[in-house]
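Per-entry structural report
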Amino acid sequence: VFSFIAMSQSDEKNKTPNFDAAEFEECVPLKNAYDRCFNNWYRYSFLKGDMSNSCDPQYEAYRACIWRRLDDLKLSHLKEFVAAGATEFPSAPSS
């Protein structure tokens, strides 16, 4: 879901986002914790008919970390992009 979030700028020539994962390195342990939880839930609960996902705390911690970094990097406009469910990368707001 957040794989495109760490894109710091867009290359206007070919509309390919530039990705700088190092800017979000502090969020990696939270993503890993969520991934482990989700994979366990999927394997041991969902596939056996249990639809209740107990990974919400891990997801929210990861999301909060990404949101904080977006604010720190002056990329908060991407939060609106994600919330709207947009499918195209937005251009940076003019300053």
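So, a few notes on the structure that sits alongside this text. (Residues numbered from 1 in each chain as written. Predicted model: local features only at pLDDT ≥ 70, side-chain atom pairs only at ≥ 80, totals over all residues. Heavy atoms only, no water.)

With that settled, the discussion passes to the side chain of Ser45. As for its placement among the helices and strands, Ser45 is situated in the loop between helix 1 (28-44) and helix 2 (56-72). Those residues within four positions of Ser45 in sequence are excluded, and the remaining contacts are Asn40 and Asp50. (Helix = DSSP H or I, 4+ residues; strand = E, 2+ residues; numbered from the N terminus. Contact = heavy atoms within 4.5 Å.)

Another aspect to go through is the environment of Ser54. With respect to the helices, strands and loops of the structure, Ser54 is situated in the loop between helix 1 and helix 2. Along the sequence, Ser54 and Phe38 sit 16 residues apart, while their C-alpha atoms lie 8.4 Å from each other.

A full pass over the atoms with the stated rule returns six salt bridges. Across the pair Arg63 and Glu60 runs a salt bridge, and its minimum N-O distance is 3.0 Å. Of this pair, Arg63 and Glu60 are both found in helix 2, three residues apart, which corresponds to roughly one turn of the helix. When salt bridges with common partners are traced through the structure, they connect Glu23, Glu26, Arg69 and Asp72 into a single cluster. (Salt bridge = Lys/Arg side-chain N within 4 Å of Asp/Glu carboxyl O.)

All right, on to the state of the cysteines then. Across all of its chains, the model carries two disulfides by this definition. Each disulfide pairs two cysteine sulfurs, and for Cys27 the partner residue is Cys65, the sulfurs being separated by 2.0 Å. Across the S-S bond linking Cys27 and Cys65, the dihedral sits near -90°, which makes this disulfide left-handed. Of this pair, Cys27 sits in the loop between strand 2 (16-19) and helix 1 while Cys65 sits in helix 2, and the two are 38 residues apart along the sequence. Pair check on accessibility: Cys27 and Cys65 agree, each one buried. Cys37 shares a disulfide with Cys55; S-S distance 2.1 Å. One disulfide, between Cys37 and Cys55, carries an S-S torsion of -90° and so falls in the left-handed class. Placement of Cys37 in helix 1 and of Cys55 in the loop between helix 1 and helix 2 is noted, with a sequence separation of 18 residues between them. Both residues of the pair, Cys37 and Cys55, count as buried. (Disulfide = S-S within 2.5 Å. Buried < 20%, exposed > 50% of the residue type's maximum accessible area, 1.4 Å probe, protein only.)

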